[in-house]
Amino acid sequence: MMSNGGLREGAAPAGALQPLEWKFSQVFGERTAGEEVQEVDIISAIEFDRSGNHLATGDRGGRVVLFERTDMHNHGGHRRDLERIDYSITRHPEFRYKTEFQSHEPEFDYLKSLEIEEKINKIRWCQSANGASFLLSTNDKTIKFWKVQEKKVKKVCDMNVDPTKAMGNGPNVGSSVSSSSTSSKPYTANGGYPINDFSFPTGGLPSLHLPVVTGHETSLVARCRRIYAHAHDYHINSISNNSDGETFISADDLRINLWNLEISNQSFNIVDVKPANMEDLTEVITSAEFHPTHCNVLAYSSSKGSIRLVDLRQSALCDSHSKLFEEQEAPGSRSFFTEIIASISDIKFAKNGRHILSRDYMSLKLWDINMDSGPVATFQVHEHLRPKLCDLYENDSIFDKFECCLSGDGLRVATGSYSNLFRVFGCSEGSTEAATLEASKNPMRRQVQTPARPTRSLGSFSGVVRRVKGVDNSGVDTNGNTFDFTTKLLHLAWHPTENSLACAASNSLYMYYA
């Protein structure tokens, strides 16, 4: 167990965690060789729900696609009974396509002469209720609250009407029914006999039964419950649900707004970093997220590489932070690219709320919220690209926004890179795990274990080592191949309870398990 910098109480002893062996599980939307990818099909957001039984993806065409887990349903019996049986999960997690819907359409802001594209920037699952799923999706300007529910198509069956006598609601006026058995008897409009006809059919009275409404096939219906619009002047980069289940935040470059899920026509501005004179602007907000259990705490990152922790109880406008996390620049290391690559593209709280994972252009950093002197661990993602920063700046790749994620137990972290590669690092004390995996049917094809290299110990904290892992200065990837900057793995998500990863490579969704 790590002291002060430890990831969780009761963690495995140093060196006990073996590196995971990742296996291919599934792929949705796999491209055939030479197939051209349509821009609208490229996946731009990915998110597991809290249970891990549902997965949502958003694309540049404004669509949201939902998947549901199927391998849990194949095991009969109660969950408690299954837990009693001590069996190893040899099956891999399996998902199936559930439904899709058009969340956003392209719009045009006539006041600013600005096209608003339909691309989904973020998806967040909300608490489900009465068998219905709820989720938030956002493009650059508008957030929508969706309800997805199964609807049964109902039909009335078992009618008492004699089909030979009821043609619709009886014969049309002026029409005659030519039947030898029935032609002598007049009809009423409901298809029966007149009230003064007391003759009964031979064989006694027929049994009288009530019509029955039966449910036939079920269909999934997505309905937009709320639209939260006109609250952001700049592009929305984050949305995050609060643990209270009632509120959420949305963040753009300069402001963070607090919303109530039930109220779409007003929000409260809680963070505003816009200076009086825009020429004085030195940094922007890049990502924001609520604490997983404390409804009054949120964190947001900036383009200068810092993370601010905010307590909503302190004041209505939280321009002053309660804690600031940033790494001090090494003397003499500053260059033209320093500020650009320091910009944080994504932050995620660990499930226990104790740690924050941040991703900048070159690295992942793990922060302990009780220790603001610097990150407790740094993981180099593609250090061999450092000599190529000038080329990356020329082709705008240096501004790519990679996401990051943590495992549910907080013992591993993951993020994407170029050539459809992604990296998985072990972050428990003593772990040397630093895997390079490829988003393909053979993820371990480029796998090379890179030993961890401790950099320096923080003397004032017993047992806390600031580590730098996965350093590779080869200038090419781990297989000796040059990097392809056009194929980038920006979006990925870790299953909340299992070692299972979902990765978006262009228009394909790859799933892996370990």
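A quick note: this is a predicted structure, and the numbers were derived from the prediction, not measured.

A word on the overall build of the protein
Scanning the protein from N- to C-terminus turns up 3 helices and 32 strands. Expressed as a percentage of its 514 residues, the buried residues of the protein come to 47%. Of the contacts formed within the protein by residues at least 6 apart in sequence, a portion of 59% connects residues at least 24 apart. Of the accessible surface of the protein, which amounts to about 26300 Å², a share of 50% is contributed by carbon and sulfur atoms.

Notes on the state of the cysteines
The tally for this structure, following the rule as stated, stands at 0 disulfides. With no disulfide of its own, Cys 405 has Cys 404 as its nearest cysteine by sulfur position, at a separation of 7.1 Å.

Concerning the sheet that holds strand S12 (residues 238-241)
Two orientations exist for strands paired in a sheet by backbone hydrogen bonds: parallel and antiparallel. Spatial strand order, S12-S13-S14-S15: 4 strands in an open sheet with antiparallel pairing. Two strands close off the open sheet at either side, each with one partner strand: S12 and strand S15 (263-272). Strand-to-strand, the axes of this sheet are offset by a mean angle of 25°, without reference to chain direction. Judged from the 4 bridges that link them, S12 and strand S13 (residues 247-251) form a sheet pairing that is antiparallel. In the sheet register, Ile 239 faces S13, and the bridge partner there is Ser 250.

Here's the deal with the side chain of Ser 419
Mapped onto the elements of the fold, Ser 419 is located in the loop between strand S25 (412-416) and strand S26 (421-426). With relative accessibility at 7%, the residue Ser 419 sits in the buried group. Of the polar contacts made by the side chain of Ser 419, one reaches the backbone nitrogen of Asp 484; its length is 2.8 Å.

Structural notes on the side chain of Asp 59
Its place among the elements puts Asp 59 in strand S3 (residues 54-59). On the basis of relative accessible area, Asp 59 is assigned to the buried category, the value being 7%.

Some thoughts on the pairing of strand S32 (residues 508-513)
If a strand is regular, its side chains alternate between the two faces of the sheet. In terms of burial, S32 is largely enclosed, as 6 of its 6 residues are buried. Every second residue of S32 is oriented toward a common face, with Ser 508, Tyr 510 and Tyr 512 on one face and Leu 509, Met 511 and Tyr 513 on the other, all of them buried. Relative to S32, strand S1 (residues 23-28) runs antiparallel, the two sharing 5 bridges. Counterpart to Phe 24 in the pairing with S32 is Tyr 512. As judged from the 6 bridges shared by strand S31 (residues 500-505) and S32, these two strands associate in the antiparallel manner. Paired with Leu 501 across the two strands is Tyr 512, which belongs to S32. Linking two consecutive strands that pair antiparallel, namely S31 and S32, is a turn of 2 residues; a positive phi of about 60° is found at Ser 506 within it.

Considerations on the pattern of salt bridges
Overall, the coordinates contain 25 salt bridges when judged by the stated rule. Two residues, Glu 47 and Arg 124, come together in a salt bridge whose shortest N-O distance is 3.0 Å. With Glu 47 in strand S2 (residues 43-48) and Arg 124 in strand S8 (residues 122-125), the pair connects residues that are 77 residues apart, well separated along the chain. With relative accessibility at 9%, the residue Arg 124 sits in the buried group. With a closest N to O distance of 2.5 Å, Glu 262 and Arg 226 form a salt bridge.

Comments concerning the sheet that holds S26
Strands sit in the order S24-S25-S26-S27 across an open sheet of 4 strands; the sheet is antiparallel. Whereas interior strands pair on both sides, the edge strands pair on one side only; in this sheet they are strand S24 (404-406) and strand S27 (434-438). On average, adjacent strands in this sheet sit at an angle of 20° to one another, irrespective of strand direction. Summarising the sheet, S26 and S27 pair through 5 bridges and their orientation is antiparallel. Counted as the bridge partner of Phe 422 is Leu 437 from S27.

Calculation rules
Residues numbered from 1 in each chain as written. Predicted model: local features only at pLDDT ≥ 70, side-chain atom pairs only at ≥ 80, totals over all residues. Heavy atoms only, no water. Helix = DSSP H or I, 4+ residues; strand = E, 2+ residues; numbered from the N terminus. Buried < 20%, exposed > 50% of the residue type's maximum accessible area, 1.4 Å probe, protein only. Contact = heavy atoms within 4.5 Å. Areas by Shrake-Rupley, 256 points an atom, 1.4 Å probe, with all protein chains shown as cover. Disulfide = S-S within 2.5 Å. Pairing = 2+ DSSP bridges. Axes fitted to C-alpha atoms, helices over the stretch in contact; angles between N-to-C directions. Polar contact = N/O pair within 3.5 Å; in protein donor to acceptor, adjacent residues only side chain to side chain. Salt bridge = Lys/Arg side-chain N within 4 Å of Asp/Glu carboxyl O.

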